[in-house]
Amino acid sequence: MDWLNIGSLALGELFSPFTATFILCALGLSVHFGYTGLLNFGQAAFAAVGAYGMAISVLTFGLPLGVGILMGLLASAIFAVILGIPTLRLRADYLAIVTIAASEVFRYFMTTIGFAKVTGGSNGLSQFGDDFWAANPFPEGTYGFGPFIYRADELWIRVVAFALIALGAVFVWLLMRSPWGRVLKGIREDEDAVRSLGKNVFAYKLQALIIGGALAALGGMVFVINLSNVQPQSWGTTFTFMIWTVLLLGGAATILGPIVGGMVFFVLLSVTQGIMSGLVDIGALPFLTLPQVGQIRFLLIGLALMLLVIFRPQGIFGNKKELQFNG
Amino acid sequence: MANEISIGPAAPGCKKHDPILVADNVMRQFGGLTAVNVEHVEIPRGQITALIGPNGAGKTTFFNLLTGFDKPNTGSWTFEGKNLAGVPSYKVARLGMIRTFQLTKALSLLTVIENMRLGAQKQPGENFLRSLIRPLWAKHEAAITVKADDLLKRFKLDAKREDYAAALSGGQRKLLEMARALMSEPKLVMLDEPMAGVNPALTQSLLDHIKDLKKNGTTVLFVEHDMHMVRHISDWVIVMAEGKVVAEGPPAQVMKDPAVIDAYLGAHADTDLGTVAINVPGKAGN
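Sequence order sets the numbering: in each chain, residues are counted from 1 along the sequence as written. Chain A is the first chain written and ligand 1 is the first ligand written, with later ones labelled in order. Thresholds applied to this predicted model are a pLDDT of at least 70 for local features of residues and 80 or more for the giving and counting of side-chain atom pairs; totals over whole chains, interfaces and linings are not thresholded and use all residues.

A.B. asks: Before we go on, may I ask you to explain the overall build of chain B in this structure?
C.D. replies: Looking only at helices and strands, one finds 11 helices and 10 strands in chain B. The reference for a compact globule is 2.2 Å times residues^0.38; the radius of gyration itself is calculated from the C-alpha atoms. Taking 2.2 N^0.38 as the reference for a compact globule, 286 residues should give roughly 19 Å; the C-alpha atoms of chain B span a radius of gyration of 19 Å, in line with that estimate. Exposure criterion: with C-beta atoms placed from backbone coordinates, a residue whose C-beta has 20 or more other C-beta atoms within 10 Å is buried, one with 12 or fewer is exposed, and one in between is partly exposed. The buried share of chain B, taken over its 286 residues, is 46%. Secondary structure follows DSSP: runs of H or I at least 4 residues long count as helices, runs of E at least 2 residues long count as strands, and numbering of each begins at the N terminus.

A.B. asks: Sorry if this is basic, but what is going on with the overall build of chain A here?
C.D. replies: Looking only at helices and strands, one finds 14 helices and 4 strands in chain A. Here the C-alpha atoms of chain A give a radius of gyration of 20 Å, agreeing with the 20 Å that 2.2 N^0.38 yields for 327 residues. Along the longest, intermediate and shortest principal axes, the C-alpha atoms of chain A span 65 × 50 × 40 Å. Counting every position in chain A, which comprises 327 residues, the buried fraction comes to 49%.

A.B. asks: Sorry if this is basic, but what is going on with the nonpolar core here?
C.D. replies: Soluble globular proteins tend to bury their nonpolar side chains together. Ranked by size, the top nonpolar core spans 164 residues in total, and within it A:Leu24, A:Ala47, A:Ala51, A:Ala55, A:Ile243, B:Ala179 and B:Val239 carry the most contacts. Examining the composition of this core, we find that 16 residues originate from one element, helix α11 (residues 201-227) of chain A, more than from any other. Leave out the neighbours within four places in its chain, and A:Leu24 touches A:Leu164, A:Ile165, A:Gly168, A:Leu215, A:Ala216, A:Leu218, A:Gly219 and A:Val222. To count as a nonpolar core, a set of buried Ala, Val, Leu, Ile, Met, Phe, Trp, Tyr and Cys residues must be joined through C-beta atoms within 7 Å. Any pair of residues counts as being in contact when their C-beta atoms, constructed from backbone geometry, are within 7 Å of one another.

A.B. asks: Would you explain the interface of chain A and chain B in this entry?
C.D. replies: For interface size, the figure often reported is the accessible area lost on association. Tallying the contact residues gives 24 residues for chain A and 28 residues for chain B. Every element with two or more residues in the side of chain A that touches chain B is listed here: α8 (152-176), α9 (179-189), α10 (191-196) and α11 of chain A. The dominant element in the side of chain A that touches chain B, judged by the number of residues it contributes, is α9(A), at 7 residues.

A.B. asks: Would you mind showing me how to read the sheet that holds strand β2 (residues 33-44) of chain B here?
C.D. replies: Backbone-to-backbone hydrogen bonds pair the strands of a sheet. The strands run either parallel or antiparallel. All names here are of chain B. Overall, antiparallel pairing links the 4 strands, which are arranged β2-β1-β4-β5 in an open sheet. The open sheet has two edge strands with one neighbour each: β2 and β5 (82-83). Two elements, strand β1 (residues 19-30) and β2, share 10 bridges in a ladder whose sense is antiparallel. Looking at β2, one finds that Met27 is bridged to Asn37. To get an axis, a line is fitted to the C-alpha atoms, and for a helix only the part in contact is used. The angle between two axes follows their N-to-C directions and goes from 0 to 180 degrees. Where helix α1 (residues 59-66) meets the sheet, it contacts β1, β2 and β4 (74-79), and its direction lies at approximately 65° from that of β2. At least two bridges found by DSSP between two strands is the condition for calling them paired.

A.B. asks: I keep staring at unusual backbone geometry and nothing clicks. Help me out?
C.D. replies: The phi dihedral of A:Ser228 falls on the positive side, at around 65°, and the residue is not glycine. Tracing the backbone through its elements, the reader meets A:Ser228 in the loop between α11 and β4 (229-230). Positive phi, close to 50°, is recorded for B:Glu193, a residue that is not glycine. Among the secondary structure elements, B:Glu193 is positioned in the loop between β7 (188-192) and α7 (200-215).

A.B. asks: Could you clarify how one ought to interpret the packing of helix α2 (residues 17-35) of chain A against helix α13 (residues 256-281) of chain A in this entry?
C.D. replies: Helix packing for two helices is described by the angle between their axes and how far apart those axes are. All names here are of chain A. Two elements in contact, α2 and α13, have axes separated by 8 Å at closest approach and are oriented at 140°. For the element pair α2 and α13, the recorded crossing hand is right-handed. Along its contact with α2, which presents Phe18, Thr19, Phe22, Ile23, Ala26, Leu27 and Ser30, the element α13 presents Gly257, Pro258, Ile259, Gly261, Gly262, Met263 and Phe266. Only Asp, Glu, Lys and Arg are considered charged in this grouping, and only Ala, Val, Leu, Ile, Met, Phe, Trp, Tyr, Cys and Pro are considered nonpolar; every other residue, Gly among them, is considered polar. When grouped by side-chain class, the residues that make up the contact of α2 with α13 number 9 nonpolar, 5 polar and no charged. In this scheme the handedness of a crossing depends on how the near helix is turned from the far one: anticlockwise by less than a right angle means left-handed, clockwise means right-handed.

A.B. asks: How should the sheet that holds strand β8 (residues 219-223) of chain B be read in this particular structure?
C.D. replies: All names here are of chain B. The 6 strands lie next to each other as β6-β7-β8-β3-β9-β10, forming an open sheet whose pairing is mixed. Looking at strand neighbours, the two that pair on one side only are β6 (97-99) and β10 (244-249), the edges of this open sheet. For this sheet, the mean angle separating the axes of adjacent strands, direction not counted, is 20°. Sheet topology note: the strand β3 (residues 48-52)/strand β9 (residues 236-241) ladder contains 4 bridges and is parallel. Bridge pairing in β9 links Ala50 to Val237.

A.B. asks: Quick question: what am I supposed to make of the packing of helix α3 (residues 43-59) of chain A against helix α4 (residues 65-87) of chain A here?
C.D. replies: Residue and element names in this part refer to chain A. Running from N to C, α3 and α4 point in directions that differ by 140°, and their axes come no closer than 7 Å. With respect to their mutual orientation, α3 and α4 come out oblique. In the packing of α3 onto α4, the handedness of the crossing is right-handed. Between α3, through Ala45, Phe46, Val49, Gly50, Ala51, Gly53, Met54, Ser57 and Val58, and α4, the contact on the second element is made entirely by Leu65, Val67, Gly68, Ile69, Met71, Gly72, Leu73, Leu74, Ala75, Ser76 and Phe79. For the contact of α3 with α4, the per-class residue count stands at 14 nonpolar, 6 polar and no charged. For classification purposes, an angle smaller than 35 degrees is called roughly parallel, one larger than 145 roughly antiparallel, one from 65 to 115 roughly perpendicular, and anything else oblique.

A.B. asks: What's the story with helix α3 (residues 112-119) of chain B in this structure? I'm lost.
C.D. replies: Given 3.6 residues per turn, any residue in an α-helix points the same way as the ones three and four places further on. Within α3(B), 7 of the 8 residues are buried, leaving the element largely enclosed by the surrounding structure. Within α3(B), burial applies to B:Val112, B:Ile113, B:Asn115, B:Met116, B:Arg117, B:Leu118 and B:Gly119. For α3(B), the secondary structure elements touched by its buried residues are α9 of chain A together with α5 (138-154) and α6 (170-182) of chain B.

A.B. asks: Sorry, what's going on with the environment of A:Pro232 here?
C.D. replies: All names here are of chain A. Considering the arrangement of structural elements, one finds Pro232 in the loop between β4 and α12 (237-250). Residue class for Pro232 comes out buried when judged on the 21 C-beta atoms lying within 10 Å of it. Look past the residues within four positions of Pro232 in its chain and what remains in contact with it is Arg107, Met110, Thr111, Ser122 and Gly124.

A.B. asks: I'm lost on the environment of A:Gly251 in this one. Help?
C.D. replies: All names here are of chain A. In this structure, Gly251 sits in the loop between α12 and α13. For the pair Gly251 and Gln314, spaced 63 residues apart in the sequence, the C-alpha separation amounts to 5.3 Å. Other than its neighbours up to four places away in sequence, Gly251 contacts Gly257, Gln314, Gly315, Ile316, Phe317 and Gly318.

A.B. asks: Is there a simple way to explain the environment of A:Val105 in this structure?
C.D. replies: Residues and elements named next belong to chain A. Topologically, Val105 is positioned in helix α5 (residues 92-111). Of the residues examined, Val105 has 12 C-beta atoms within 10 Å and is grouped as exposed. Sequence separation between Val105 and Ala45 is 60 residues, and the spatial gap between their C-alpha atoms is 9.1 Å.

A.B. asks: Can you help me understand the pairing of strand β2 (residues 142-145) of chain A in this one?
C.D. replies: Two faces, one strand: in a regular strand the side chains alternate between the faces of the sheet. Residue and element names in this part refer to chain A. Bridge count for β2 against strand β3 (residues 148-151) is 4 bridges, and the pairing is antiparallel. Within β3, the residue paired with Thr142 across the bridge is Arg151. What sits between β2 and β3 in their antiparallel hairpin is a turn of 2 residues, with Gly146 showing a positive phi close to 50°.

A.B. asks: What's the story with the confidence of the model for chain B in this structure? I'm lost.
C.D. replies: Regions with low pLDDT carry predicted coordinates that are not meant to be interpreted in detail. Residues and elements named next belong to chain B. The pLDDT value expresses, per residue, how confident the predictor is, ranging between 0 and 100. Per-chain confidence: chain B averages 87 in pLDDT, with 91% of residues scoring 70 or above. The element-level mean pLDDT for chain B is lowest in helix α11 (residues 276-279), coming to 44, with α3 highest at 96. Low pLDDT, under 50, characterises residues 275-286; the stretch is placed with 21 contacts to residues that sit more than four places away or in other chains. Complex prediction metrics read pTM 0.90 and ipTM 0.86.

The structure is reproduced here in structure tokens:
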């Protein structure tokens, strides 16, 4: 087994745009679940709505990418309002059911042939990110050291993605230290009590849903710009559950949790992939084939998520006293 | 019998000299069951009014209706002359009518001081955009904190300031909930069973706090089963049974009322009212 290669591949995941995508989505989910207690199981849909909103604005309406990004954010906000108005008045578990269903509905809607002219159907859309790559300020060449060597465009997307994460984290931190954040935490604990103190609980929950959804939309945009295409298959429930794993690994009601959780998660994923492929290669796992290794990894994710919830519900950074599972 | 609070003799639905809350024809049905059916009731301003009645009399449902936590089938009610029917609960609270809950709703995973700060109203930092810029709310926050610390001291919770509310005892949580309700300086405080589950050692201090409220000009309406408390601190007693107001009047008079003895006490009619609830085993403290 090539340990050096496994290690370098794994470290490469630390700053990959893929990792950044899940960090942004988990940061949004932290606003939803960690701070407000909203059980959102459709975070993938918020990311997808943002990504499609941006891509369709650019391709169908010929808008510049900058405007497309704003349209993507707007689309995710509208999606939050559509989901929120009927469900936020109900108990938390209804939101979970509705969000998971809505995210599947949106995915199938994007796959439908009938709208393929706009949505690209199951083939998806591409060629919407040209403005992004054209705006790359880094001259051609390679940058970095050790496992962190990137071409100019690879560096560009990483810089942008992690700048977004930094901005998002500061934004959430500013919100959560404020009296506004205190109301959200109050709602997480008992919304009737907060209501009895004169706060418009519904408005706060809707605001939280929109803000967390916007962060996920940004994550979705990073995801599709990096891949240079957007496809409906990407946004399945697996996407959502990976976001949950990242969030719970790091700690739900924390700012650093989603960031470190995302990094640890994708490094571990890469390490297990590397080691298991290596073991298959040398014939130590005769019952497995290489393609199966990719599948087994997700089995392990599920197991890890269960163990996490049982043995360390507060995650890496969480305060056990402050946040246990009571969403 | 004449008294200072009502116009004319005390009777169910009688008019008061200065009512703060007036309810008319408030009815709430759950399926075939009529939980509340109050024709007319007035709550006197600046007094401590007790709402008593047997289990299932509709006291808590009536509370929920008045504060917008539940919607009646029919009826209207006004608070300081403002119509409150159909007004959502948070707006009711903003008008100065703050309630507490029978099952205490301390925000467990917020600290005691954060619980208190949340009770304050008109904090500009609770607006989403303004919350991002600290100077816009820091001053107000400091003022709120001073007030919160003051209340915590009064309620003897100042030692617990930084503890999570989850770490408090049941009685302390009741105190916290009451102190939190006072953060917004309400005109009417509605306490739903303030004594339920409170350690007897804390009972006296709770009673004193309620009397202090009256001294500061706050109107108090409370639901209670503890006759000792009702008799000692209330100025006026309203008795509900099967959803209706069956008697009203000053405590001494109401407790002699045959309708009350009948509806409320039933088999315990001969027991000394002052000691009933407090001596029932298992009543005091969880």
